[in-house]
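A structural walkthrough
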Amino acid sequence: MAKSLRVGMIGYRFMGKAHSNAWRQAPHCFPLKAGVELHTICGRDSKAVEAAQKQLGWKNASTDWEKVVNSPEIDIIDINTPNDSHAPIAIAAAKAGKHVLCEKPLALTVEQCQQMLDAAKKAGIVHMVCHNYRRIPAIAQARKMIEEGALGDIFHYYARYAQDWIVDPNFPLVWRLQKGISGSGTHGDINAHIIDLGRYLVGEFSEVCGLMHTFIKERPMMDESGKGQGLGGKGSKKMGKVTVDDAAMFIGRFKNGALANLEATRFALGRKNHIQIEINGSSGSLSFDLEDMNRLKFFDNTDGQDRQGFRDILVTQPGGTHPYVGGWWPPGHIIGYEHTFTHTVLELLQALAEKRMPTPNFEDGVKNQRVLDAVERSAATGAWQKP
Ligand SMILES: NC(=O)c1ccc[n+]([C@@H]2O[C@H](COP(=O)([O-])OP(=O)(O)OC[C@H]3O[C@@H](n4cnc5c(N)ncnc54)[C@H](O)[C@@H]3O)[C@@H](O)[C@H]2O)c1
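Here is a short report on the structure shown in this document. None of the values given here were measured: they were computed from a predicted structure. (Residues numbered from 1 in each chain as written. Predicted model: local features only at pLDDT ≥ 70, side-chain atom pairs only at ≥ 80, totals over all residues. Heavy atoms only, no water.)

This part is about the state of the cysteines. Summed over the entire model, instances satisfying the criterion amount to zero disulfides. The cysteine cysteine 29 is free of any disulfide, with cysteine 130 supplying the nearest cysteine sulfur at 17 Å. Cysteine 102 supplies the cysteine sulfur nearest to cysteine 42, a cysteine that is in no disulfide, at a spacing of 14 Å. (Disulfide = S-S within 2.5 Å.)

Turning next to the pattern of salt bridges. Scanning the model with the defined rule gives 24 salt bridges in all. The salt bridge partner of aspartate 306 is arginine 307, with a shortest N-O separation of 2.7 Å. Like aspartate 306, the residue arginine 307 is exposed in the burial classification. (Salt bridge = Lys/Arg side-chain N within 4 Å of Asp/Glu carboxyl O. Buried < 20%, exposed > 50% of the residue type's maximum accessible area, 1.4 Å probe, protein only.)

Time to look at the sheet that holds strand E16 (residues 311–314). Overall, mixed pairing links the eight strands, which are arranged E8-E11-E12-E7-E13-E14-E15-E16 in an open sheet. Whereas interior strands pair on both sides, the edge strands pair on one side only; in this sheet they are strand E8 (205–213) and E16. Neighbouring strand axes in the sheet, compared pairwise and without regard to direction, differ in orientation by 15° on average. In the sheet, strand E7 (residues 154–162) pairs with strand E12 (residues 259–265) via seven bridges, with the strands oriented parallel. Each bridged residue has a counterpart across the sheet, and for tyrosine 158 the counterpart in E12 is asparagine 261. Those strands touched by helix H8 (residues 186–201) are E7, E8, strand E11 (247–254), E12 and strand E13 (274–281), and its axis lies near 155° from that of E12. Sitting on the sheet, helix H10 (residues 362–381) is in contact with E8 and E11, with an inclination near 55° to E8. (Pairing = 2+ DSSP bridges. Helix = DSSP H or I, 4+ residues; strand = E, 2+ residues; numbered from the N terminus. Axes fitted to C-alpha atoms, helices over the stretch in contact; angles between N-to-C directions. Contact = heavy atoms within 4.5 Å.)

On to the packing of helix H1 (residues 14–29) against helix H9 (residues 337–354). At a minimum axis separation of 8 Å, H1 and H9 run at an interaxial angle of 60°. One finds that H1 runs oblique with respect to H9. For the element pair H1 and H9, the recorded crossing hand is right-handed. Residues Phe14, Met15, Ala18, His19, Asn21, Ala22, Trp23, Gln25 and Ala26 of H1 form the contact with H9, whose participating residues are Tyr337, Glu338, Phe341, Thr342, Val345, Leu348 and Leu349. (Parallel < 35°, antiparallel > 145°, perpendicular 65-115°, else oblique. Left-handed = near helix turned anticlockwise from the far one by under 90°.)

To continue, consider unusual backbone geometry. Here lysine 104 and proline 105 are connected by a cis peptide whose omega angle stands at -15°. One can find proline 105 in the loop between strand E5 (99–103) and helix H5 (110–123).

Let us now look at the environment of tyrosine 157. On the secondary structure map, tyrosine 157 appears in strand E7. Taking the C-alpha atoms as reference points, tyrosine 157 and glutamate 278, 121 residues apart in sequence, are found 6.1 Å from one another. Excluding residues within four positions of it along the chain, tyrosine 157 makes contact with Ile194, Leu197, Gly198, Val202, Phe254, Leu259, Ala260, Asn261, Leu262, Ile277, Glu278 and Ile279.

What follows is about the layout of surface pockets. If you add up the space inside the second largest pocket, you get close to 240 Å³. Lining of the second largest pocket is provided by 13 residues; of these, Arg135, Arg143, Tyr200, Tyr324 and Thr359 occupy positions nearest its centre. Elements with a minimum of two residues in the lining of the second largest pocket: helix H6 (137–147) and H9. Its residues assigned to classes, the lining of the second largest pocket comprises four nonpolar, three polar and six charged. (1 Å grid on protein atoms, 1.4 Å probe; cavity = no way out; pocket = protein on both sides within 12 Å on 5 of 7 lines; lining within 4 Å. Points joined across faces, edges and corners; volume = space filled by probe spheres on them. Nonpolar A, V, L, I, M, F, W, Y, C, P; charged D, E, K, R; others polar.)

In the vicinity of the ligand there are 28 residues, among which Met15, Asn83, Lys104, Asn132 and Arg176 approach most closely. At 2.9 Å, a backbone N or O of tyrosine 12 approaches an oxygen atom of the ligand. Measuring from a nitrogen atom of the ligand, one finds a side-chain N or O atom of asparagine 132 at 2.8 Å. Expressed as a share of its isolated accessible area of 850 Å², the protein-covered part of the ligand is 92%. Mapped by element, the contributors of at least two residues to the shell around the ligand are H1, H8 and H9. (Near = heavy atom within 4 Å. Polar contact = N/O pair within 3.5 Å; in protein donor to acceptor, adjacent residues only side chain to side chain. Areas by Shrake-Rupley, 256 points an atom, 1.4 Å probe, with all protein chains shown as cover.)

Here we have six strands laid out as an open sheet, ordered E3-E2-E1-E4-E5-E6, and parallel in their pairing. This sheet does not close on itself; its edge strands, each paired only once, are strand E3 (60–62) and strand E6 (127–130). Mean inter-strand twist for the sheet, computed between neighbouring axes without regard to direction, equals 25°. Here E5 pairs with E6 via four bridges, running parallel. Counted as the bridge partner of cysteine 102 is valine 129 from E6.

So this is what it looks like as structure tokens:
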């Protein structure tokens, strides 16, 4: 191998764990021009970051992200912190000439996203935003089939992203429920993913009409020990205002004339991380369910009427038949959630080797944020809005 690319990763909890695994797995499973070195892991609490360093297998630990982004020993900065810190870290990293992988949503506002894109372009770095669901083999296969015309003209994009982890009114006010840190609630957190899949599979949105709602307006504030936790923690006796949406949904149109219907909620009891997608076109339909992520359902209207029905494609055929699975196991030996991050990192590493921009990148992050922003404007005014 020519050289090892040295990664500095900021934030080490949920996404930090997923990305650590991805950086380690990618060069083991796919042939790459350069190796990867898990160089430095960074967080704010020295004891916790040292524990994470050992568990996740990083060479060094730091509590100062500015030092990490400016270190001459680092080539790539991987941002896995809450949303309010994405812009300052990414902009500083770009100024220091580092390539950047940033978690979604890219930032809190369109303006911040644009500043990140401008800084990245000015510095000439390679940049990417982590919409990992694009990298599910069944989703990449869906895109290939749509591009090949298997669905004909697209009529409908229906997508639902449903969870249930904050139905309990005593669930504390974690950072995801505080607008100053997260930007928005379910909207930027999970609607952003199905907006990205809509852009990837169908095209650009032209107008949207949205509805956003907060079911529980006040929650116990976090106690000090749980400060900064994203998905759980201990609440105190003091109550605080929920400043984000609990559910966000919208209808819309794509520039190519297709209609969109998207729903994101954290109030769907029984739904843990449920992503369901259906796309209907003039020649056929595709259907996908994350809880059965190795399969893609395809209805082909050219089949004889006596045998028509949704066929069940097990997207695990290696040898170049199905995307990504050649790096893994023989046919039918299924893969899971963590592989989507490995494939994301793979796209970034391949792009670096081929001297091209990976997708989705900060341009996509800006476009995604424009859709999020248009839905928020629409929910506030009751009127259709353009991204
Ligand atoms: N791609 C996906 O599917 C996906 C899934 C979950 C989260 N995310 C995104 O990943 C990001 C992180 O979410 P998470 O669930 O891992 O959060 P988390 O709360 O589990 O972890 C956040 C980490 O950031 C660290 N941190 C916070 N502020 C910091 C600072 N100023 N400097 C250094 N470190 C700091 C915390 O110590 C912690 O290690 C968010 O932007 C979120 O939207 C993406």
